[in-house]
Amino acid sequence: MTATATSAHSELTELGRSETALRTFLHGLPGVDQVGAEQRAAQLGTRSIKTTAKAQAIDLAIRMVDLTTLEGADTPGKVRALAAKALRPDPADPSCPHVGAVCVYPSMVPYAAEVLRGSGRAAGGTAPHLASVATAFPSGQAPLEVKLADTRAAVEAGADEIDMVINRGAFLAGRYREVYDEIVAIKEACGGDDAGRQGRPRAHLKVILETGELGTYDNVRRASWLAMLAGGDFIKTSTGKVPVAATLPVTLVMLEAVRDFRAATGRQVGVKPAGGIKTTKDAIKYLVMVNETVGPDWLNPDWFRFGASSLLNDLLMQRTKLTTGVYAGPDYFTLD
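Residues numbered from 1 in each chain as written. Predicted model: local features only at pLDDT ≥ 70, side-chain atom pairs only at ≥ 80, totals over all residues. Heavy atoms only, no water.

A.B. asks: Explanation requested: the sheet that holds strand β7 (residues 270–272) in the structure shown.
C.D. replies: The strands making up a sheet are joined through hydrogen bonds of the backbone, oriented either antiparallel or parallel. The eight strands are arranged β7-β6-β5-β4-β3-β2-β1-β8 in an open sheet whose pairing can be described as parallel. Each having just a single partner strand, β7 and β8 (306–308) make up the two edges of the open sheet. Each neighbouring strand pair of the sheet contributes to a mean axis angle of 25 degrees, computed without reference to strand direction. Along the sheet, helix α4 (residues 51–64) contacts β1 (65–68) and β8; its crossing angle with β1, the most-contacted strand, is approximately 50 degrees. (Pairing = 2+ DSSP bridges. Helix = DSSP H or I, 4+ residues; strand = E, 2+ residues; numbered from the N terminus. Axes fitted to C-alpha atoms, helices over the stretch in contact; angles between N-to-C directions. Contact = heavy atoms within 4.5 Å.)

A.B. asks: I would appreciate a short explanation of the nonpolar core in the present structure.
C.D. replies: The tendency in soluble globular proteins is for nonpolar side chains to be buried as a group. Within the largest apolar cluster, 92 residues are counted, with the highest numbers of intra-cluster contacts made by Ile 162, Ile 183, Phe 304 and Phe 306. The element that contributes the greatest number of residues to this core is helix α11 (residues 248–265), accounting for nine residues. Excluding residues within four positions of it along the chain, Phe 306 makes contact with Ala 61, Met 64, Val 65, Asp 66, Lys 272, Pro 273, Ile 277, Ala 283, Tyr 286, Leu 287 and Leu 311. With eight residues, the next largest nonpolar core counts Leu 70, Cys 103, Ala 131 and Ile 208 among its residues. (Core = buried A, V, L, I, M, F, W, Y, C linked by side-chain atoms within 4.5 Å. Buried < 20%, exposed > 50% of the residue type's maximum accessible area, 1.4 Å probe, protein only.)

A.B. asks: In this structure, what is going on with the packing of helix α7 (residues 144–157) against helix α9 (residues 176–189)? I would like to understand it.
C.D. replies: What describes two packed helices is the angle between their axes and the distance between those same axes. With their axes 9 Å apart at the nearest point, α7 and α9 run at an angle of 30 degrees to one another. In this view, α7 runs roughly parallel relative to α9, as classed from their interaxial angle. Note on packing geometry: the crossing formed by α7 with α9 is right-handed. Between α7 and α9, the residues in contact are Leu 144, Lys 147, Leu 148, Thr 151, Arg 152 and Val 155 and Glu 182, Ala 185, Ile 186 and Ala 189, respectively. The residue makeup of the contact of α7 with α9, split by class, is six nonpolar, one polar and three charged. (Parallel < 35°, antiparallel > 145°, perpendicular 65-115°, else oblique. Left-handed = near helix turned anticlockwise from the far one by under 90°. Nonpolar A, V, L, I, M, F, W, Y, C, P; charged D, E, K, R; others polar.)

Now the structure itself:
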């Protein structure tokens, strides 16, 4: 990080000390050109990908999937099976990469950990991360003490990524300092930035904005900056539990925010669109947008993820078609 970026980062960090300063900064961000953002997203969505590049894109998209089950009917058996699929998405093809993470409720973390513990990650190699939603997901409507306990329990059970949801009511009411302080507190419950040096578990923090409830692109930009200023490692579009989830224009606004944030501070933050991304064609549109908006530094599972369940099966079907020339039926792979 350059001296200029270090100074800028320090100045931006100070914004959280004052509601007035935070509000002034967030409302001083450039407004989003709605027509321009939607046209740009639509144009990027028309880019064609040729066969070799498409095969590479499919494997990259598989590595970026957070394979997710967040249902009230989740069982230990279902979660163990999901974790096994995350490790070996196509058991018949060992060249198929593993996914980016398994994402489950905190109570299900131990069962996913059972499967992932014996994998490459436990041996110092590579394997899917273990993510857990927390902080009264999906509403975010709970006392801070409950959210902190939820987060700590998930980390102690083995989660190395936490997907928290912001209090949209507080944000929309303009109580930015409240939202900021809550993210800071959850980051600390994840272990904080110095956890590794102190020998404590450290989980990366993904901050869910629930963009479908924020109303405007300007609010999406403000919420993105607020989450990053408070220390979020990723910003995520949605819980997947509301009618409007991830969209290309919203993701474009968030990508521009992480690009501008890194330019201002030197710190890189990841992006995770989630909800409604179901096909290989959809995934490739997002990858094109990432490349064209923020560049190849973000074309990596460490910095870009898809929150999805059904997407993986379509990616596997398309991968099989490119490899064998024959489409595998939708029942060839396990349904999630």
